[in-house]
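Residue-level structure breakdown
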Amino acid sequence: MKPLTQAGVRAIMLAAQGLTEPATPATKADVQAIIRRMHVLQIDTINIVARSPYLVLWSRLGDYDPRWLDQLLAEGKLFEYWSHAACFLPVEDFALYRPEMLAQLEEGSRAQRWLGQHAGVAEQVLEHVRQVGAVRSADFERTDGEKGSWWNWKAEKVALEYLFYAGELMIRERHNFQRIYDLRERIMPNWTDDHLPSQADIHDQFALHTIKALGVTKAEWIADYFRLKKAPVQAALKRLQQRGAVLTVPVEGWGHPGLAHPDHRPMVEAAADGVLPQARTTLLSPFDPIVWDRARALDLFNFDYRIECYTPAPKRQYGYFTLPVLCRNRLVGRLDPKAHRQDGIFEVKAFHLEPNVLLEDDEIEDVKAAIKACATWHKTPQVVVRYTTLPELAERLAD
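What you see is a predicted model; the values in this text were computed from it and never measured.

All right, on to the overall build of the protein chain then. Of the regular secondary structure elements, the protein chain holds 17 helices and 13 strands. Its C-alpha atoms give the protein chain a radius of gyration of 23 Å, within 12% of the compact-globule value 21 Å for 399 residues. Taken over the C-alpha atoms alone, the protein chain extends approximately 65 × 60 × 40 Å along its principal axes. Here the protein chain, with 399 residues, has 53% of them falling under the buried criterion. Long-range pairs, those at least 24 residues apart, make up 63% of the contacts in the protein chain between residues at least 6 apart in sequence. Summed over all atoms, the accessible surface of the protein chain reaches about 18800 Å², with 50% contributed by carbon and sulfur.

The next point concerns the packing of helix 5 (residues 94-103) against helix 10 (residues 199-214). Pairs of packed helices are described in terms of their axes, by the angle between the two and the distance that separates them. At a closest axis distance of 10 Å, the pairing of helix 5 and helix 10 adopts a crossing angle of 135 degrees. The angle between helix 5 and helix 10 places the two elements in the oblique class. Here the hand of the crossing between helix 5 and helix 10 comes out left-handed. Counted together, Leu96, Tyr97 and Pro99 of helix 5 and Gln199, Ile202, Gln205, Phe206 and His209 of helix 10 form the full contact between these two elements.

Looking now at the sheet that holds strand 6 (residues 216-217). Read across the sheet, three strands follow the order 6-8-7 without closing on themselves; strand pairing throughout is antiparallel. The open sheet has two free edges, formed respectively by strand 6 and strand 7 (247-249), since each of these has just one partner strand.

Along the chain, proline 250 falls in the loop between strand 7 and strand 8 (258-260). In sequence terms proline 250 and leucine 4 are 246 residues apart; their C-alpha atoms lie 6.2 Å from each other. In this view, proline 250 contacts Met1, Lys2, Pro3 and Leu4; residues no more than four positions away in its chain are not counted.

Okay, the pattern of salt bridges next. Evaluated as defined, the whole model comprises 30 salt bridges. Two residues, arginine 186 and aspartate 182, come together in a salt bridge whose shortest N-O distance is 2.8 Å. Overall, the relative accessible area of 33% leaves arginine 186 in the partly exposed class. A single network of salt bridges, built from pairs that share partners, joins Glu80, Lys157, Glu161, Arg174 and Arg179.

So, about the nonpolar core. Membership of the largest hydrophobic core comes to 118 residues, with the highest contact counts inside it found for Leu4 and Tyr97. Looking at this core element by element, the count peaks at seven residues for helix 8 (residues 155-165). Excluding its chain neighbours within four sequence positions, the residues that come into contact with tyrosine 97 are Val40, Phe79, Tyr81, Trp82, Ser83, Leu89, Phe206 and Phe226. The next biggest cluster of nonpolar side chains, apart from the first, holds twelve residues, and it includes Ile222, Val233, Leu237 and Val246.

Judged by how many residues are buried, strand 10 (residues 323-327) sits mostly within the fold: five of five residues are covered. Where burial is concerned, the two faces of strand 10 agree: the one with Leu323, Val325 and Cys327 and the one with Pro324 and Leu326 are both buried. Across two bridges, the pairing between strand 9 (residues 282-283) and strand 10 is antiparallel. If you follow threonine 282 over to strand 10, its bridge partner there is leucine 326. Here five bridges tie strand 10 to strand 11 (residues 330-340), and the two strands are oriented antiparallel to one another.

What counts as what
- Residues numbered from 1 in each chain as written.
- Predicted model: local features only at pLDDT ≥ 70, side-chain atom pairs only at ≥ 80, totals over all residues.
- Heavy atoms only, no water.
- Helix = DSSP H or I, 4+ residues; strand = E, 2+ residues; numbered from the N terminus.
- Rg over C-alpha atoms; globule rule 2.2 N^0.38 Å.
- Buried < 20%, exposed > 50% of the residue type's maximum accessible area, 1.4 Å probe, protein only.
- Contact = heavy atoms within 4.5 Å.
- Areas by Shrake-Rupley, 256 points an atom, 1.4 Å probe, with all protein chains shown as cover.
- Axes fitted to C-alpha atoms, helices over the stretch in contact; angles between N-to-C directions.
- Parallel < 35°, antiparallel > 145°, perpendicular 65-115°, else oblique.
- Left-handed = near helix turned anticlockwise from the far one by under 90°.
- Pairing = 2+ DSSP bridges.
- Salt bridge = Lys/Arg side-chain N within 4 Å of Asp/Glu carboxyl O.
- Core = buried A, V, L, I, M, F, W, Y, C linked by side-chain atoms within 4.5 Å.

Structure, rendered in structure tokens:
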């Protein structure tokens, strides 16, 4: 096989992530399919524009009904658990996470220690759920006289979370993005722990899922996708390569071959011959798989990115919640947005082009269309642009 160029790797990764132009208007089945394709949809609550999981889906599907994600969770086609971070996950992958849930009840684990020390609270919470049904944290009244905060949860909230970690409780649905907890046996009544995969099988599957989700990847990029330790991932890659379960792909400028899933062979061979898939022009969430591994984004896209919502305002360079701008197969800039829902205004506080990036006229039109599409989906159709690094861009990008 001819060596892939860096441009080829970028194109294949974007295509594998579902960022090429959708062929038809999105359906609820498309939402489920794209989550299966990524295997992880990271959850974050920041609501400057759409919350991250909804925005990640919009980047791939275009105009869709955000309620479909909520419905898929309520229908049991997705579940929530810790993966790359807190994530929506395909229910088909539940078995890969179940051993980690059971490990939370083993001697010495943090969950086991807390639940053991507060056994009365944990049992009261479980009994309440058994008798009353699905609950929110807010359904438990605080009785210790203290004010709640992010770092000072009431005991019932802590119990709910540790019981969730341990798989005794699951998230039945979300209401106004608040978790609603229920018993695992009610949400997955047919589940048994009789045939759990081994740790080796779990790591093999996670490695294969990652390789397929990334299109073509370096070995060192794999562990971060599911936040795994590097040693078991390296062992998994060795087993997979011995079985011929992954392809090795020469890539220009890489010291070692890239790795690809056999299902992607036709796309890889076409890209090696110069036929590259083209991604759509769109806005990405800061928690999109394309950019959540900051080292990978820098290495492959030359995109040095961090989210600045945790940075004090005077020290921010680009803005509170900047969205990477994907234009075809390049990350060309970052957008600092704010959706003013009551006023119907989508404010672009700033649009920063990346250093040495020049946009052709048709690319500027593509970026403008992506901003307008995002604004319309937010039901804030009036676009206002305050600042761009090239002053003439502001007028061209606004309504």
